[in-house]
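# Survey of secondary and tertiary structure
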Amino acid sequence: MTARIFTFVLLTLALAGCREKLSAPAAAPPVVRTVQPISREVGDYVYFTGRLEAVQSVEIRSRVTGYLVNIDFQSGKPVKAGDRLFKIDPRPYQAQLDEANGQVDLAKARLQLAVADNARAKEVAKTPGAISQQDVDKYQASEEAAAAQVTAAEAASEVAALNLSFTNVVAPVDGIVSRNLLTIGNLVTQDQTLLTTVVSQDPIYAYFDVDELTLLRAERLIQQKKIQSTAQGAILPVQFGLANEGNEFPHAGTIDFINNQIDPSTGTLELRGVFSNPLLTPVGPRMFKPGEFVRIRLPLGPAYGALIIPQAAIGSDQGKKYLLTVNKENIVEYSPITLGPQQPGGLQAVQPVNIQRTPAGVRFALEGEPSEPSLTAESVIIAEGLQRVRPGAKVDPKPLQRDTLETLPADKPEATAPAAEPEAKAAAPQATTPAAK
């Protein structure tokens, strides 16, 4: 009897537990943060690594030999063209100049005597038989020789004066001077001893190498008359970003040099962009330094319409990119896309693909089949909470503010920039996603 009572109690408790489970409220759908795409015109870009170089870079060497007696600059400071940087002992060259000037005076005195002698000889020659013609010719030749000696002496004096002036080693260009490589008292050898360097600051060059496939792509666009070449007068824009500027390319310039042949060892063509290099403060320094590595972005094609979304919303499935969107019934849907160029602020341009949504899942539409775009400007995209949901699940969408998308400036190439067409919208036929269940 006791065993029967115990069994009855256990059954009663089990049934009560089942009733509690059946009566428990259903779990609330997960909350996700959503955004809507922004429709914008964008352009395709190609990306390279470049290096900044000064427009003018000068190795400072003395043009005379002598001992260094003065250094007239501060290492690493700006200098102007004509500023004296070093002084070589001028005394030997001053003595040479004085000697050369004395030779000029001596030659002029000889010329003055030769001119007077020649004049007297010509006057005497007016009397028949007073002087032979040979003597007259000698006096004329002496005057001309004395004149030539004056010219030679003056030239030697100019050389001596130049050598004296070369004892002042001056900056040939405006720029920043490096440190002095010699100290006072050292011997400086003409045209050999490197004293320092001076590099210009503004503007500045960025050199980079373009691969052959990109060149062929640009040539095809030129043939299709979608872009103009530099031979047709086009001005090609280019941008670069520094290592600490993330995915942004805020510094704009133009291409001013394209090399005349492809490097056979690398299969690349060298290009050069020229950029302004403004001061960070009214007294410096400049924003960019020669030798810095930069990330180059070259626009490649006319602008086209695209949808802008946060990069964090993009998923990857075996190399194929997709978004999770929310329909009107708050059900999560799988939406494949193709990627366009990156945009500032962690955004991405994307293109929809033609799809068919069926009870079995999502499939890419074949050409001529009824289809719909996988993404539109009215689509609701899950931007946060992707890990908590899957296609087919119901969610509670909470929109994010669109300010981060709408307030960012448009990032599209100039009308004359070389560019490429957007990627093809169609993918392999009858491809079924893993989320099609």
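One can find the structure itself at the top, above this paragraph.
What this report covers is the structure whose coordinates are included nearby. (Residues numbered from 1 in each chain as written. Predicted model: local features only at pLDDT ≥ 70, side-chain atom pairs only at ≥ 80, totals over all residues. Heavy atoms only, no water.)

### Some remarks on helix 4 (residues 212-223)
Think of an α-helix as 3.6 residues a turn; residues three or four steps apart then line up on the same face. Rules: Only DSSP runs of H or I covering at least 4 residues are called helices, and only runs of E covering at least 2 are called strands; the numbering of each starts at the N terminus. By definition here, a helix of n residues has an expected span of 1.5 Å times n minus one. Polar contacts, as counted here, are pairs of nitrogen or oxygen atoms within 3.5 Å of one another; within protein the pair requires one atom able to donate a hydrogen and one able to accept it, and residues that are adjacent in sequence qualify only if both atoms are side-chain atoms.
In a regular helix each residue adds 1.5 Å, so 12 residues correspond to 16 Å; helix 4 covers 17 Å between its end C-alpha atoms and thus fits that length. N-cap assignment for helix 4: the residue whose side-chain oxygen lies 3.2 Å from the backbone N of Leu213 is Asp211. Where helix 4 ends, the next residue or the one after it, Lys225, has phi of about 60°, a positive value.

### Some thoughts on the sheet that holds strand 24 (residues 372-373)
Defined as follows: Here, strands pair whenever DSSP counts at least two bridges between them.
Strand order in the open sheet formed by 3 strands is 23-22-24, with antiparallel pairing between adjacent strands. Edge positions in the open sheet fall to strand 23 (361-364) and strand 24, since each of these has one partner strand only. Pairing between strand 22 (residues 354-358) and strand 24: 2 bridges, direction antiparallel. Paired with Asn354 across the bridge in strand 24 is Pro373.

### A word on the nonpolar core
The line we're drawing: We call a set of buried Ala, Val, Leu, Ile, Met, Phe, Trp, Tyr and Cys residues a nonpolar core when their side-chain atoms join them within 4.5 Å. Partly exposed describes any residue whose relative accessible area lies between the buried limit of under 20% and the exposed limit of over 50%, with all areas from a 1.4 Å probe on protein chains only and scaled to the type maximum. Residue contacts are defined here by distance: any two heavy atoms, one from each residue, within 4.5 Å place the two residues in contact.
Counting 25 residues, the largest nonpolar core has Phe48, Leu52, Phe208, Val238, Phe240, Ile255 and Ile296 as its most contacted members. Taken together, the elements giving at least two residues each to this core come down to strand 3 (45-54), strand 12 (204-211), helix 4, strand 13 (237-241), strand 15 (268-275) and strand 16 (293-299). When residues in this core are grouped by element, the largest group, 4 residues, is from strand 12. Residues contacting Ile296, with those up to four places away along its chain left out, are Val46, Tyr47, Phe48, Thr49, Gly50, Ala206, Phe208, Val238, Gln239, Phe240 and Phe249.

### Notes on unusual backbone geometry
Backbone torsion omega between Asp202 and Pro203 reads 0°, so that peptide bond is classified as cis. Structurally, Pro203 is set in the loop between strand 11 (194-199) and strand 12. Positioned with a positive phi, Gln318 is a non-glycine residue whose angle comes to about 55°. Within the fold, Gln318 resides in the loop between strand 18 (315-317) and strand 19 (320-326). At Asn330, a residue that is not glycine, the phi angle is positive and equals roughly 65°.

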